[in-house]
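Commentary on secondary and tertiary structure
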Amino acid sequence: MTVPVAVVGGGLAGSELALQLAGRGVPVTLIEMRPGATTPAHGTGLLAELVCSNSLKSDDAETASGLLKRELRMVGCRLLEAAERTRVPAGHALAVDRTLFAQAVTDLVEREPLVDLARREQTDLDLPPVAAIATGPLSSELLSSAIARHFGEEHLHFYDAISISVSAEALDGEAGFWGSRYGKGGDDYWNIPIDRERYERLVAFLRAAPVIERRGFEDARCFERCLPVEVIASRGEDALRFGPLKPKGLADPRTGREPHAVLQLRRETRDGALMGLVGFQTRLARDAQRELLNVLPGFREPAILRWGAVHRNTFLDAPRLLDGAQMSTRRRGLFFAGQITGVEGYMESIAHGTIAALNVERFIRGREPLLFPPETLLGALQRHCAGGGGPYQPMNVNFGLLPELSARRIERKRLYAERSLASLRRFLDGCGIEPKS
Ligand SMILES: Cc1cc2nc3c(=O)[nH]c(=O)nc-3n(C[C@H](O)[C@H](O)[C@H](O)COP(=O)(O)OP(=O)(O)OC[C@H]3O[C@@H](n4cnc5c(N)ncnc54)[C@H](O)[C@@H]3O)c2cc1C
């Protein structure tokens, strides 16, 4: 009997990897440490828990996130199917009820006869001959040390921040309006207009409010797309108005004008009981977070259900440590997948799990790794992990990662999407993989 492949980490990448391998007839032991041990951001024992926003971003093919979803549908991504079954209204974004989503993935894994789910912390690299590590940005300390010893060098660390979520009952129903930016996507966001005076008070508050100090935080590098609001506020009086509080395309239907600034909230559960402040990541102290809801307009009470927080983000210097199939250059058969390799984002981590599964299977069958075409975002993710010039940094997918197209600006995104999907279809046909959409 063949030894099952060990997949360590039942998060987004690891759950996808395990389900994909099982779907290809490869037995898997999926090792997940929760709920016995946990991370600073996870709150349940469910697999594939989304630790912050409930949005998997745009589903519009003319955006990079939307195109990645189209590509993933074509290769038969299992977690994307689960997301579609548990979606909540969010305009052109694919947002999910995070509990229903994680429960759906957990059910899929538990019902899969070829996956044995082992609930324990993996503390070393004493693993079967073929294994994949997908323990994410919050990999446990012991395993992180084992990985650092394996590669003989230190991981890179930096910090991200989590946004605040409140009870829907905390919202003053008179203080805002439902709608989406430029009317794209119906009434999916609760928008609270902020006038100039309130805005200035908010900026002053954020600049002075106490933050939770972390040793070494000052030296830490924040990921630019996930900056805490107080850091944004410190960068300039208008920085928030050009960032998370952007009023563009959000005219207040009661006045017909765009307000000075707008705070948006999005449903985080299907029943709308939990509402997330969009882009309001913070490392403010808890008392200051409560006070923040008094400084902001539109809240009857500071009923915070999920606190903003700062967290660790650990990733490998993949271009120097892994080969094109995401396998350790120091041990054949030891693969890495998901955010620990320096892809960034929920969908990117899921996509990376899909790619890793294909290459683990090919390794087992003694075949060359699959390298997706450069015109596809799946290929772009692989190439990102293989590195270019300069220091290696986590990266969300974006059209800038694709080979340039000479076309009129207005048509370019559509053409990127068409080229990518045509190229992926040809590639899958050539590899004998049946496109699923
Ligand atoms: C706090 C935070 C907020 C984020 N917010 C967003 C966001 O809003 N939007 C977005 O697109 N991306 C966000 N990200 C980035 C990223 O998309 C997610 O972290 C994503 O979950 C990464 O997927 P993954 O599968 O690589 O890791 P995870 O989903 O974190 O899965 C790793 C799994 O490994 C388990 N594990 C860890 N160590 C061990 C061990 N030693 N043994 C066994 N199991 C172990 C963990 O319990 C976990 O279940 C955020 C990241 C963090 C940390």
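Here's what I pulled together on the structure shown here. In this text the structure is predicted, and so the values were computed from the model without any measurement.

1. Re the site of the ligand
What surrounds the ligand is a group of 37 residues, the closest being Gly9, Gly11, Cys52, Gly136 and Gly338. Breaking the shell around the ligand down by element, the ones donating at least two residues are helix H1 (12-23), strand E2 (28-32), strand E8 (156-167), strand E14 (309-315) and helix H10 (346-364). A total of three residues in the shell around the ligand trace back to one element, the largest contributor, which is H1. Considering only residue class, the shell around the ligand consists of 15 nonpolar, 18 polar and four charged.

2. Quick look at unusual backbone geometry
Between Arg34 and Pro35 the backbone carries a cis peptide bond, its omega angle lying at 5 degrees. Despite not being glycine, Ala48 has its phi angle at roughly 50 degrees, a positive value. By the secondary structure assignment, Ala48 is in the loop between E2 and strand E3 (55-58). We note that Gln326 has phi near 70 degrees; this positive angle belongs to a residue other than glycine. Counting through the fold element by element, Gln326 comes out in the loop between helix H9 (318-321) and strand E15 (334-336). A residue is classified by how many C-beta atoms lie within 10 Å of it, and Gln326, with 27 of them, is buried.

3. What about the nonpolar core?
Core analysis: the biggest nonpolar cluster contains 120 residues, and Val5, Val7, Leu17, Ala18, Val105 and Ala132 have the highest contact counts within it. When residues in this core are grouped by element, the largest group, nine residues, is from H10. Not counting chain neighbours up to four residues away, the residues in contact with Leu17 comprise Val7, Ala132, Ala134, Ala337, Gly353, Ala356 and Ala357.

4. Details of the environment of Ile340
Inspection of the secondary structure puts Ile340 in the loop between E15 and H10. Here Ile340 falls in the buried class, since 29 other C-beta atoms lie within 10 Å of it. For the pair formed by Ile340 and Leu415, sequence separation is 75 residues and the distance between their alpha carbons is 32 Å. Dropping the residues within four chain positions of it, Ile340 is found in contact with Ile133, Ala134, Thr135, Gly136, Pro137, Ser139, Thr314, Phe315 and Leu316.

5. Here's the deal with the pairing of strand E10 (residues 189-194)
Burial runs high along E10: six of the six residues are buried. Burial along E10 is two-sided: Tyr189, Asn191 and Pro193 facing one way and Trp190, Ile192 and Ile194 facing the other are all buried. Note: strand E9 (residues 177-179) against E10, three bridges, orientation antiparallel. By the bridge assignment for E10, Phe177 is matched with Asn191. Inspection of the sheet shows E10 paired to strand E11 (residues 261-267) by six bridges, in the antiparallel sense. Paired with Tyr189 across the bridge in E11 is Arg266.

6. Regarding the sheet that holds strand E6 (residues 115-119)
Sheet architecture is open: five strands sit in the order E6-E2-E1-E7-E15, paired in parallel fashion. Looking at strand neighbours, the two that pair on one side only are E6 and E15, the edges of this open sheet. Recorded for the sheet is a direction-independent mean angle of 20 degrees between the axes of neighbouring strands. In terms of strand pairing, strand E7 (residues 131-133) meets E15 through three bridges, oriented parallel. Pairing of Ala131 across the sheet is with Leu334, part of E15.

7. Examining the packing of H10 against helix H11 (residues 377-386)
Where H10 meets H11, the axes come as close as 10 Å, and the angle between the chain directions of the two elements is 90 degrees. The pairing of H10 with H11 is recorded here as roughly perpendicular in orientation. In contact with Glu348, Ala351, His352 and Ile355 of H10, H11 contributes Leu378, Leu381 and Gln382. Considering only residue class, the contact of H10 with H11 consists of four nonpolar, two polar and one charged.

8. A look at the sheet that holds strand E4 (residues 87-88)
Judged by pairing direction, the sheet is antiparallel, and its three strands sit side by side in the order E3-E5-E4 without closing on themselves. Strands with a single pairing partner mark the edges of an open sheet, and in this sheet they are E3 and E4. Sheet topology places E3 next to strand E5 (residues 93-96); two bridges connect them, and they run antiparallel. The residue of E5 that forms the bridge with Ser58 is Ala93.

9. Some thoughts on the packing of helix H3 (residues 78-85) against helix H4 (residues 98-111)
Packing of H3 against H4 brings their axes to within 9 Å, and their N-to-C directions diverge by 135 degrees. Classed by the angle they form, the pair H3 and H4 counts as oblique. Crossing of H3 against H4: the hand is right-handed. In this structure, H3 uses Arg78, Leu79, Ala82, Ala83 and Arg85 to contact H4, whose residues at the interface are Phe101, Ala104, Val105 and Leu108.

Cut-off values and rules
- Residues numbered from 1 in each chain as written.
- Predicted model: local features only at pLDDT ≥ 70, side-chain atom pairs only at ≥ 80, totals over all residues.
- Near = placed C-beta within 6 Å.
- Helix = DSSP H or I, 4+ residues; strand = E, 2+ residues; numbered from the N terminus.
- Nonpolar A, V, L, I, M, F, W, Y, C, P; charged D, E, K, R; others polar.
- Buried ≥ 20, exposed ≤ 12 C-beta atoms within 10 Å, placed from the backbone.
- Core = buried A, V, L, I, M, F, W, Y, C linked by C-beta atoms within 7 Å.
- Contact = placed C-beta atoms within 7 Å.
- Pairing = 2+ DSSP bridges.
- Axes fitted to C-alpha atoms, helices over the stretch in contact; angles between N-to-C directions.
- Parallel < 35°, antiparallel > 145°, perpendicular 65-115°, else oblique.
- Left-handed = near helix turned anticlockwise from the far one by under 90°.

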